[in-house]
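Chains, contacts and geometry: an overview
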Amino acid sequence: MVPLWMYLVVSAGLFSIGAFGVLSRRNAIAILMGVELMLNASNLNLVAFWRYINPGEINGQVFAAFVFVVAAAEAAVGLALIISIYVKRHTVVAEDVNLLKW
Amino acid sequence: MELTWELVAFLGFAVMTLGSGLMVVTSSNLFHSVLFLMTSLFGVAGLFVLLVAPFLAAIQVLVYIGAIAVLMLFVIMLTRQVMSRPELYNQQMAGALVAAAILFLALLFVLTPLADEIGGDVAQVNAEVIAEADDAPDVDYITVEELGRAFVTRNGFVLPFEVTSILLTAAMIGAIVVAREDEA
């Protein structure tokens, strides 16, 4: 069986890649994609720890399933917001939307 | 560590996940980004299979690749005119790179050994138990039926389950209201 740390390394790498995308991309859809990568990394961690530490319990998988639901809700609302902003202001660049910025 | 099929599959899926993940954040064409995102999510689904969580792998393919990524494709096509602006990154790109690198190194050298310390012995024992079982059915895995029962029994997760349903409904209605064009 593959040791646990290998999964953690993959998860850490995926999370860092997602964080870089969120922090650096200009396009709001690309930022959402970074968030999805980060959510996937956390899910991978959850399932890996469930498998290696406590495989008899069901909690780990249930938690991961809830993360799926929240991710779906987040993507739906986020994309709806992006469409709304595009309709009103003709931009999907995050830094152009700065009305509420100090 | 000997080269087992599991290790080969793991490395394949890991490279697929991380490589496509990198392409997601570096690709200048947003359309390609989403396609790489799909590949990356598929790699994570493969890792779920290796972790003996087949239901989660199926959900990953259905919900993430089938729904979320396709939804993103729709939005990209709806906002097509501004899709390819010249600059890909904002001014804080260098800072973001440093921050992501620091985050990765911190996770790698601080949290990962810590996690091994917390559950190291248990993980070893379980790994041995699993390694002793020679064919797949001997490995105890959680079936969809067990998972479904856990969601709806009172001692299980019925309350979070219902709250999640409300969240999902609210998000769907909210998304429709937000994205709808005003008639007035």
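Residues numbered from 1 in each chain as written. Chains lettered and ligands numbered in written order. Predicted model: local features only at pLDDT ≥ 70, side-chain atom pairs only at ≥ 80, totals over all residues. Heavy atoms only, no water.

Time to look at the overall build of chain B. Counting its secondary structure elements, chain B contains six helices and zero strands. For chain B, the succession of helices and strands along the chain, N to C, is α-α-α-α-α-α. A total of 184 residues make up chain B; the buried ones form 34% of that total. Sequence-distant contacts in chain B: of pairs separated by 6 or more residues, those separated by 24 or more amount to 55%. (Helix = DSSP H or I, 4+ residues; strand = E, 2+ residues; numbered from the N terminus. Buried < 20%, exposed > 50% of the residue type's maximum accessible area, 1.4 Å probe, protein only. Contact = heavy atoms within 4.5 Å.)

Another point: the confidence of the model for chain B. Residue and element names in this part refer to chain B. Confidence in the prediction of chain B, expressed as mean pLDDT, is 82, and 80% of residues score 70 or more. Per-element confidence in chain B is highest for helix H2 (residues 30-50), whose mean pLDDT is 93, and lowest for helix H4 (residues 93-132), whose mean pLDDT is 74. Interface predicted TM-score (ipTM) for the complex: 0.92; the corresponding pTM is 0.87. (pLDDT = per-residue confidence, 0-100.)

With that settled, consider the interface of chain B and chain A. Listed by partner, the interface residues are 87 residues for chain B and 74 residues for chain A. Each partner contributes to the roughly 7200 Å² buried at the junction of chain B and chain A, and carbon and sulfur atoms together form 78% of this total. If you sort the residues of chain B by the area they bury against chain A, B:Leu51, B:Tyr64 and B:Ile142 come out on top, with a joint share of 9%. In this structure, the connection of chain B to chain A is made through zero salt bridges. Counting across the interface, chain B meets chain A through eight residue pairs in polar contact (both at pLDDT 80 or more). Elements that contribute at least two residues to the side of chain B that touches chain A include exactly helix H1 (5-26), H2, helix H3 (54-78), H4, helix H5 (144-152) and helix H6 (158-179) of chain B. With 18 residues, the single largest contributor to the side of chain B that touches chain A is H4(B). When the residues that make up the side of chain B that touches chain A are grouped by side-chain class, the tally is 63 nonpolar, 16 polar and eight charged. (Buried area = accessible area lost by both parts, 1.4 Å probe. Salt bridge = Lys/Arg side-chain N within 4 Å of Asp/Glu carboxyl O. Polar contact = N/O pair within 3.5 Å; in protein donor to acceptor, adjacent residues only side chain to side chain. Nonpolar A, V, L, I, M, F, W, Y, C, P; charged D, E, K, R; others polar.)

Residues and elements named next belong to chain A. Following the criterion strictly, the structure yields seven aromatic pairs over all chains and no others. Ring geometry for Tyr7 and Tyr52: centres 5.9 Å apart, planes at 55°, overall tilted. Here the residue Tyr7 occupies a position in helix H1 (residues 4-24), and Tyr52 occupies one in helix H2 (residues 28-53), the gap between them amounting to 45 residues. Tyr52 shares its class with Tyr7; the two are buried. (Phe/Tyr/Trp six-rings, centres within 6.5 Å; stacked < 30°, edge-to-face > 60°.)

Residue and element names in this part refer to chain A. With respect to the helices and strands, Ser11 occurs in helix H1. Looking at Ser11, the relative accessible area reads 2%, which means it is buried. For Ser11 and Val87, which are 76 residues apart along the polypeptide, the C-alpha to C-alpha distance reads 36 Å.

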